[in-house]
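Chain residues, written in single-letter form:
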There are 2 protein chains.
Amino acid sequence: MKITVDDVEDYSIGAALLGTGGGGDPYIGSLLLSESLSKGGPLTLQQADDLPDDALLLVSAMIGAPTVMMEKLPSGDEAIASVRALESYLGQKAYGILAAEIGGLNALLPLVVGSTLNLPVIDGDGMGRAFPQLQMVTYSIEGNPSTPLTLTDEFGNTVLINTGDDETAEKFARSTVVAMGASALMACYPMTGAQVKASILRGTLTVALGIGRAIRQARQADEPPVHALLEHLAELDFSTSARLLFEGKIVDLFRETTAGFAVGTIKLDALDGGPDRMEIKFQNENLIALRNGEVCAIVPDLICIVDQETAAPITTEGLRYGQRVSVLGIAAPAELRTEKALKVVGPACFGLEQPFVPLESAHL
Amino acid sequence: MKITVDDVEDYSIGAALLGTGGGGDPYIGSLLLSESLSKGGPLTLQQADDLPDDALLLVSAMIGAPTVMMEKLPSGDEAIASVRALESYLGQKAYGILAAEIGGLNALLPLVVGSTLNLPVIDGDGMGRAFPQLQMVTYSIEGNPSTPLTLTDEFGNTVLINTGDDETAEKFARSTVVAMGASALMACYPMTGAQVKASILRGTLTVALGIGRAIRQARQADEPPVHALLEHLAELDFSTSARLLFEGKIVDLFRETTAGFAVGTIKLDALDGGPDRMEIKFQNENLIALRNGEVCAIVPDLICIVDQETAAPITTEGLRYGQRVSVLGIAAPAELRTEKALKVVGPACFGLEQPFVPLESAHL
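Residues numbered from 1 in each chain as written. Chains lettered and ligands numbered in written order. Predicted model: local features only at pLDDT ≥ 70, side-chain atom pairs only at ≥ 80, totals over all residues.

### Focus on the relation of the copies chain A and chain B
Superposing chain A onto chain B requires a rotation of 180° together with a translation of 0.0 Å along the rotation axis, leaving an RMSD of 0.0 Å. These values place the two chain copies in the arrangement generated by a two-fold rotation axis. Using C-alpha coordinates, one finds that chain A approaches the rotation axis most closely at A:Leu160, a distance of 2.3 Å. Interface residue correspondence from chain A to chain B reaches 100%, placing this contact among same-surface, isologous pairings. (Least-squares fit on C-alpha atoms with pLDDT ≥ 70 in both. Contact = placed C-beta atoms within 7 Å.)

This is the structure in structure tokens:
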């Protein structure tokens, strides 16, 4: 399968939705990707099952606070530099590029790198959404170390991290990112084709593309795009359940950038004028949605906020007082809901006291 | 020339004096060094001028807050690991080991590494004293980059830093050190023999050994050791001037650990009961000595505080209210007093507003 310039906008919208509010606005990435596809021609999307077992695959990603990323635009060169530095350390060229997360900017960046280096990008990721930390990926959950890992900044400075565990790698990387000015480019999780096949969430790049396409086609056909989006999601293997959780107006918004994260809470009043209220808490990504105080969706399930009219996904940094929004809940892929996975991406990992409740059995 | 177990105590005392209050108490290092010399036999001290021009030399050093180093004892293995990691990155084995600073713990550590790896240690260093930052060495002043640089912690985690300038390397290293628990082991300034010859301060390891020996011999001969120390310093090529600046009692002491540094001020009343007062400010190392408000010694010249009776050097973390001390001023080597060097190690680099005044022309 090929990705062309014509796919960039649809894919970006799908990635923004799956970002569940985080991962950084894909807009910057879509500009970079359009430019590199225009120069280099279509990009090959390779299915994980077609990978040679001994091929070397690397994850390419941005790390830092989304609010800072928006102000410190990456050129794409830093991403290439981090991949080259890791290849050089490993003494081996990469066969292809992997996405860490299908949500937000980091869904776009691997395509920019693959297109520039003329390498295939694997159709899948390690989150099925966006998460704020390095070790919150199925690659790590299945036992693949994040290091050796390289970080590069816009001045060509490089830091290579090698640790015994991914939490330490995350800690070292985060402190380096702060020293680099709160955002940096990263190459990490060097894996063989066999390791990728045993840990990747398959087909999620195609899922993002399909979501964006469904929204666009509904808009073009003058059909309600939120409704079309829900219908499209219901047909996907990606998720066992997708629901409209709330339609409301933002009546309260608290947001701050602390320790490299965008943290906050929004409150919504029901659009129909009824007594229902919703509260959503986020740390880069939306973490928990409470309806009248009861949990109706909680991480790792996806909580996506979209414009109520256009179904345009709204990132946490794009939230504004008075916005009229639809809140969607999408069941996370089964691989993120296992006991093993919940230890890494479950509510407790984000400081939430509520236990995980699958979307389909939560209060609605 | 060989260094044996019998030299360790003298050498440590000399290193403590040249630490000018900083660089960490050499005591931990002396234990490590005694152990490794007992196991491995005498260590070769090689003169810089005897180095092959194409030999690879590496600096081995500890980085972090001295007050934390005292609580988190290094095993020596971390230092070996950082050297091995840098060798591995460079694809070349080290010919010998260099000291960054002859002051404090970092004067001992290269000997531990050299002894353990059975490699010669070069008789010289990059500071002729101790300084708080990575780029404050003649190696850097003469244009040799500090990176590639490796940092290791007690868990075997490794970080490799590659930057375009040494100030950025210092910033990245410092933030990694904080993430590693405020102290770490480092290998850096990879240089050829030719580069070492063009930038090292020669013979300073021998100077440290001689200082410790002079103090011990005076004590054994029941002569006043501070007097003997000053006489010994006057005979050395190392410094053009060494003076007794003050004899006093510590009547005020302010010290705090901030951003990885031990920062503070002490005030002294004259021991002879006269009206003279001295104030000394430090950031890990003693930076400025003011007598009745007038500068009588300022960085990069050495300000050394010793016990008034025994001439035992006192580090900033060893300062106590009521101590009776002698304050010595020692002119820094000429290489640290050039215009080029003062931009890196002069008073302004430590936030002092006073200009550099050579010890020999300062108010006494």
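This is not the end of the story, as more comes after the structure.
### Points about the domain arrangement of chain A
A common way to report how large an interface is uses the accessible area buried once the components associate. All names here are of chain A. Assigned domains of chain A: these are domain 1 (2–202) and domain 2 (231–361). For domain 1 versus domain 2, the separation of C-alpha centres amounts to 24 Å. Listed by contribution, the elements that provide at least two residues to the side of domain 1 that touches domain 2 are helix H1 (8–18), helix H3 (66–69), helix H6 (138–141) and helix H7 (166–179). Per-element tally for the side of domain 1 that touches domain 2: the top contributor is H1, with 4 residues. Of the residues that constitute the side of domain 1 that touches domain 2, the class distribution is 16 nonpolar, 10 polar and 3 charged. (Domains from an automatic or database assignment. Helix = DSSP H or I, 4+ residues; strand = E, 2+ residues; numbered from the N terminus. Nonpolar A, V, L, I, M, F, W, Y, C, P; charged D, E, K, R; others polar.)

### Here we look at the pairing of strand S8 (residues 158–162) of chain B
Counted residue by residue, S8(B) has 4 buried out of 5 residues, so it is predominantly covered. As defined by bridge partners, strand S8 (residues 158–162) of chain A adjoins S8(B) across 5 bridges and the pair is classed as antiparallel. Note that in S8(B) the partner of A:Thr158 across the bridge is B:Asn162. Pairing geometry for strand S7 (residues 149–152) of chain B and S8(B), over 4 bridges, is antiparallel. Bridge pairing in S8(B) links B:Thr150 to B:Leu160. Counting the residues in the hairpin turn of S7(B) and S8(B) gives 5 residues, including B:Gly156, whose phi is positive at 85°. (Buried ≥ 20, exposed ≤ 12 C-beta atoms within 10 Å, placed from the backbone. Pairing = 2+ DSSP bridges.)

### Brief notes about the interface of chain A and chain B
With 17 residues of chain A at the interface, the matching set in chain B holds 17 residues. Secondary-structure elements contributing two or more residues to the side of chain A that touches chain B are S8 and H7 of chain A. Counting residues per element, the side of chain A that touches chain B draws most heavily on H7(A), which supplies 7 residues. When the residues that make up the side of chain A that touches chain B are grouped by side-chain class, the tally is 7 nonpolar, 9 polar and 1 charged.

### Details of the pairing of strand S16 (residues 302–307) of chain B
Residues and elements named next belong to chain B. In terms of residue burial, S16 counts as a mostly covered element, since 5 of its 6 residues are buried. Two strands pair when backbone bridges link them, and S16 and strand S17 (residues 324–330) are joined in this way by 6 bridges, in the antiparallel orientation. Of the residues in S17, the one forming a bridge with leucine 302 is isoleucine 330.

### Side note on the sheet that holds strand S11 (residues 242–258) of chain B
Residue and element names in this part refer to chain B. The strand order across the open sheet built from 7 strands is S15-S14-S13-S12-S11-S17-S16, with neighbouring strands paired in antiparallel fashion. The open sheet is flanked by strand S15 (294–298) and S16, the only strands paired with a single partner. When strand polarity is set aside, the average angle formed by the axes of neighbouring strands in this sheet is 35°. Two strands pair when backbone bridges link them, and S11 and S17 are joined in this way by 7 bridges, in the antiparallel orientation. What sits directly across from lysine 249, in S17, is arginine 324. (Axes fitted to C-alpha atoms, helices over the stretch in contact; angles between N-to-C directions.)

### Some remarks on helix H2 (residues 27–40) of chain B
Residue and element names in this part refer to chain B. Taking 1.5 Å of rise per residue, the 14 residues of H2 would be expected to cover 20 Å, and the 20 Å separating its terminal C-alpha atoms lies within 8% of that figure. Taken together, the buried positions of H2 are Gly29, Ser30, Leu32, Leu33, Ser36 and Leu37. One side of H2 carries all its buried residues, which in axial view fall inside an arc of 165°. Summarising the geometry of H2, the exposed residues directed more than 90 degrees from the buried face are Ser38 and Lys39. Two residues or fewer after H2 comes glycine 41, characterised by a positive phi angle close to 85°. (Expected span 1.5 Å × (residues − 1). Arc of directions from axis to C-beta.)

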